Amino acid sequence: MAKILIVDDSGLSRRTLRKILEPAGHEIIEASEGIAAIEQYFLDRPDLVLLDLNMTGMYGIDVLNKLRELDP
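Here's what I pulled together on the structure shown here. (Residues numbered from 1 in each chain as written. Predicted model: local features only at pLDDT ≥ 70, side-chain atom pairs only at ≥ 80, totals over all residues. Heavy atoms only, no water.)

## Some remarks on the overall build of the protein chain
Then, number 1: Of regular secondary structure, the protein chain possesses three helices and three strands.
Then, number 2: Listed by position from the N terminus, the elements making up the protein chain come as β-α-β-α-β-α.
Then, number 3: Rg of the C-alpha trace for the protein chain: 12 Å, near the compact-globule value of 11 Å for 72 residues, within the 12% margin.
Then, number 4: Counting only C-alpha atoms and orienting by the principal axes, one finds that the protein chain spans roughly 30 × 25 × 15 Å.
Then, number 5: For the protein chain, the proportion of its 72 residues judged to be buried stands at 28%.
Then, number 6: Put simply, of all contacts in the protein chain between residues at least 6 apart along the chain, 62% involve residues at least 24 apart. (Helix = DSSP H or I, 4+ residues; strand = E, 2+ residues; numbered from the N terminus. Rg over C-alpha atoms; globule rule 2.2 N^0.38 Å. Buried < 20%, exposed > 50% of the residue type's maximum accessible area, 1.4 Å probe, protein only. Contact = heavy atoms within 4.5 Å.)

## A word on the sheet that holds strand S1 (residues 3-7)
Then, number 1: Strands sit in the order S2-S1-S3 across an open sheet of three strands; the sheet is parallel. The sheet is open, and its two borders are formed by strand S2 (27-31) and strand S3 (48-51), each paired with just one other strand. Averaged over all pairs of adjacent strands, the angle between their axes in this sheet comes to 20°, without regard to strand direction.
Then, number 2: Two elements, S1 and S3, share four bridges in a ladder whose sense is parallel. Looking across to S3, one finds that Ile6 is bridged to Leu50. (Pairing = 2+ DSSP bridges. Axes fitted to C-alpha atoms, helices over the stretch in contact; angles between N-to-C directions.)

## Topic: the environment of Leu53
Then, number 1: Looking at where Leu53 falls in the secondary structure, it is placed in the loop between S3 and helix H3 (60-70).
Then, number 2: On a C-alpha basis, the gap between Leu53 and Glu39 in space is 17 Å, while along the polypeptide they are 14 residues apart.
Then, number 3: Setting aside residues no more than four positions away along its own chain, Leu53 makes contact with Tyr59, Gly60 and Ile61.

## Side note on unusual backbone geometry
Then, number 1: Of note in the backbone geometry, Arg45 takes a positive phi value of approximately 45° without being a glycine.
Then, number 2: Position of Arg45 relative to the elements: it lies in the loop between helix H2 (34-44) and S3.

## Structural notes on the nonpolar core
Then, number 1: Judged by nonpolar contacts, Leu5, Val7, Ile29, Ala31, Ala37, Ile38, Tyr41, Met55, Val63 and Leu67 together constitute the single largest core of 10 residues.
Then, number 2: Among the elements of the structure, S1, S2, H2 and H3 are those that each provide at least two residues to this core.
Then, number 3: Looking at which element gives the most residues to this core, the answer is H2, with three residues.
Then, number 4: The contact partners of Val63, leaving out residues within four places of it in the chain, are Gly34, Ala37, Ile38, Leu51, Met55 and Met58. (Core = buried A, V, L, I, M, F, W, Y, C linked by side-chain atoms within 4.5 Å.)

Nothing here speaks to function; it is all geometry.
Shown next as structure tokens:
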């Protein structure tokens with residue numbers, strides 16, 4: 001199945017998504033903030049990124065723009 005990176009500053013949201021996706025056979029990777037998400041993206045090369053747009057620190061849209069810049 002797919003390798004999915006979940007990026008959310010809410011632990012509850014990450015756990016909820018994990019509970020939904022893992023039983024379907026997906027491999028889940030988590031990050032709780034923007035910089036960690038960018039690092040995890042390049043370490044694990046996920047098939048899909050679920051990205052919270054409203055996070056503290058680095059906003060999700062900034063993470064998305066940085067990922068697009070570094071890996072078009």
